[in-house]
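Each chain is listed here by its residues.
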Amino acid sequence: MRAYVKFSPDSAPELKEIEVPTPGPGEIRIRVAACGLNFADLLMIKGTYQDTPDCPFVLGMEVAGVVDSLGEGVENFAPGDRVAVFGGQGGLAEMACFDATRAVRLPDTMDFTTAAAFQIAYGTSHVALDHRARLQPGETLLVLGAAGGVGLTAVEIGKLMGATVIACARGTDKLEAAKAAGADHLIDARTQDIRAEVKALGGADVVYDPVGGEQWEAAFRACNPEARLLPIGFASGDVPQVKTNHLLVKNLSVLGVYWGGYLAFRPDILTGSLATLMEWHGAGRLKPHVSHTYPLDQAAEGLALLRDRKSTGKVVITIQEM
């Protein structure tokens, strides 16, 4: 089978023919239809992600496809089931094996491309805003990187939860995508003063930040008392340092969010969140945005879009027709 493999820490990933994997106990094997790309894939290539596997490994954190084979002890899935899986790795391949507990059945309303783009982006934003920040109707939510894979879902979910949403992104096209997702106010990070604009709008009660760097600093200074700040990631490459005396003065809270981390200690948080999100999607309340799709032999081009921050919403690699 074909797979996009990183063979050594110093080598670039390559599309290669490798052996088809056999499912172990508790695993399912799926024929992969589509794989969503994430900024964490770029960090894995560099070896700087917190869960980077040992080489060699197949890239691709979240997939959708059809169950092909069952490992020993798997009873809650059957061959032919349509599923989405957050596997953490292994998705950029024609076949992949995953722990069955990481798989969810797909509703009939969701196609494979949408499903491959859904779990991490929507799951991260829902867990961040609902479970971590306890976002309340009427509060003001500031979303940085608001046209990216997770940022756009934060805008959409924030509106569904009743917040006033300020979207911050770079350029007119990205701001238009955020507006279409429901943003009430738009800030161009390239040309406008984020701190001044947010303060003019009454300040932020919750800050959702997948960017870091200077934008974090500007947002931090535009917070209202008792605001909650959610560091999601650091697309800018600059991990900000928090001045705890400033937290004290305004009674601010910084709440880290690593969606995948809940698998290890509170998987019920993720399953409950995904159940809510699937219900919202089935009711037509969520409209996932996939800006680009590429075939497997163009996975590098898809990753370059993320690296250069030229995509809006999600980038998905289509593996095979089903």
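For the structure itself, look to the data block above.
Criteria and thresholds
Residues numbered from 1 in each chain as written. Predicted model: local features only at pLDDT ≥ 70, side-chain atom pairs only at ≥ 80, totals over all residues. Heavy atoms only, no water. Helix = DSSP H or I, 4+ residues; strand = E, 2+ residues; numbered from the N terminus. Rg over C-alpha atoms; globule rule 2.2 N^0.38 Å. Buried < 20%, exposed > 50% of the residue type's maximum accessible area, 1.4 Å probe, protein only. Areas by Shrake-Rupley, 256 points an atom, 1.4 Å probe, with all protein chains shown as cover. Lys, Arg positive; Asp, Glu negative; His and termini not counted. Charge placed at Lys NZ, Arg CZ, Asp CG, Glu CD. Phe/Tyr/Trp six-rings, centres within 6.5 Å; stacked < 30°, edge-to-face > 60°. Lys NZ or Arg CZ within 6 Å of the ring centre and 35° of its normal. Polar contact = N/O pair within 3.5 Å; in protein donor to acceptor, adjacent residues only side chain to side chain. 1 Å grid on protein atoms, 1.4 Å probe; cavity = no way out; pocket = protein on both sides within 12 Å on 5 of 7 lines; lining within 4 Å. Points joined across faces, edges and corners; volume = space filled by probe spheres on them. Nonpolar A, V, L, I, M, F, W, Y, C, P; charged D, E, K, R; others polar. Contact = heavy atoms within 4.5 Å. Salt bridge = Lys/Arg side-chain N within 4 Å of Asp/Glu carboxyl O. Pairing = 2+ DSSP bridges. Axes fitted to C-alpha atoms, helices over the stretch in contact; angles between N-to-C directions.

Peer 1: Can you walk me through the overall build of the chain in this structure?
Peer 2: Helix and strand counts for the chain stand at 10 helices and 16 strands. For the chain, whose C-alpha radius of gyration is 20 Å, the value lies close to the compact-globule estimate of 20 Å for 322 residues. Expressed as lengths along the three principal axes of its C-alpha atoms, the size of the chain is roughly 55 × 40 × 35 Å. For the chain, with 322 residues in total, the buried portion stands at 54%. As displayed, the chain offers around 13900 Å² of accessible surface, 48% of which is attributable to carbon and sulfur atoms. Counting 29 positive and 38 negative side-chain charges, the chain places the centres of these two groups 6 Å from one another.

Peer 1: I'm lost on the packing of aromatic side chains in this one. Help?
Peer 2: By convention here, two paired aromatic rings are described through the distance between centres and the angle between planes. In this structure the tally under the stated criterion is five aromatic pairs. Each ring, one from Tyr49 and one from Tyr258, has its centre 6.4 Å from the other, and the planes form 85°; the classification is edge-to-face. Of this pair, Tyr49 sits in the loop between α1 (39–46) and β4 (57–58) while Tyr258 sits in the loop between β14 (253–254) and α8 (262–265), placing them 209 residues apart in sequence. By relative accessible area, which is 30% here, Tyr258 ends up partly exposed. Note that Arg82 overlies the ring of Phe112, its terminal NZ or CZ placed 4.8 Å from the centroid.

Peer 1: I would appreciate a short explanation of the side chain of Thr153 in the present structure.
Peer 2: On the secondary structure map, Thr153 appears in helix α3 (residues 151–160). Among the residues examined, Thr153 registers a relative accessible area of 5% and is labelled buried. Within the structure, the side chain of Thr153 is placed 2.7 Å from the side chain of Ser125, a separation counted as a polar contact.

Peer 1: Help me understand the layout of surface pockets in this model?
Peer 2: Taking a probe equal in size to a water molecule and rolling it over the atoms shows the remaining empty space. Counted as a void, the largest pocket has a volume near 1100 Å³. Phe39, Ala40, Pro210, Gly233 and Ala235 are, among the 47 residues lining the largest pocket, the residues nearest its centre. Of the residues forming the lining of the largest pocket, the biggest block, six residues, is contributed by α1. In terms of lining residues, the second largest pocket is bounded by 15 residues, among which Thr101, Arg102, Val104, Leu263 and Thr271 are the most central. Contributions of two or more residues to the lining of the second largest pocket are made by β8 (103–105) and α9 (267–282). The dominant element in the lining of the second largest pocket, judged by the number of residues it contributes, is α9, at six residues. Classifying every residue of the lining of the second largest pocket gives 10 nonpolar, three polar and two charged.

Peer 1: Before we go on, may I ask you to explain α3 in this structure?
Peer 2: For an α-helix the count is 3.6 residues per turn, leaving residues at separations of three or four pointing the same way. For α3, a buried count of eight out of 10 residues is recorded, marking the element as mostly surrounded by other parts of the structure. In this structure, the buried residues of α3 make contact with α2 (112–132), β9 (140–143), β10 (164–169), α4 (172–180), β12 (204–209) and α9.

Peer 1: For this particular structure, what's the right way to read the pattern of salt bridges?
Peer 2: A side chain with one charge can pair with a side chain of the opposite charge if their charged atoms come near. Counted under the stated rule, the structure contains eight salt bridges. With a closest N to O distance of 3.2 Å, Glu94 and Arg2 form a salt bridge. Of the two residues, Glu94 is situated in the loop between β6 (82–86) and β7 (95–99) and Arg2 in strand β1 (residues 2–6); the sequence distance between them amounts to 92 residues. Here Arg2 falls in the partly exposed class, since its relative accessible area comes to 26%.

Peer 1: Sorry if this is basic, but what is going on with the pairing of β1 here?
Peer 2: Every other side chain in a regular strand lies on the same face of the sheet, so the side chains alternate between the two faces. Taken across its five residues, β1 has four buried, putting it largely inside the fold. Bridge count between β1 and strand β2 (residues 14–17): four bridges; the pairing is antiparallel. Directly across from Ala3, in β2, lies its bridge partner Lys16. Looking at chain direction, β1 and β4 are connected through two bridges and run antiparallel. Its bridge partner being in β4, Val5 is matched across the sheet by Val58.

Peer 1: Which parts of the structure should I look at to understand the sheet that holds β12?
Peer 2: Where strands meet in a sheet, backbone hydrogen bonds hold them as pairs that are either parallel or antiparallel. Strands sit in the order β11-β10-β9-β12-β13-β14 across an open sheet of six strands; the sheet is parallel. One side of each edge strand has no neighbouring strand; the edge strands of this open sheet are β11 (185–188) and β14. Across four bridges, β10 lies against β11 in parallel orientation. Following the sheet pairing, Cys168 is matched in β11 by Ile187. Where α4 meets the sheet, it contacts β10 and β11, and its direction lies at approximately 160° from that of β11. Sitting on the sheet, helix α6 (residues 213–220) touches β9, β10, β12, β13 (223–231) and β14, and the angle it makes with β13 is about 155°.

Function cannot be inferred from these measures alone, as they are strictly geometric.
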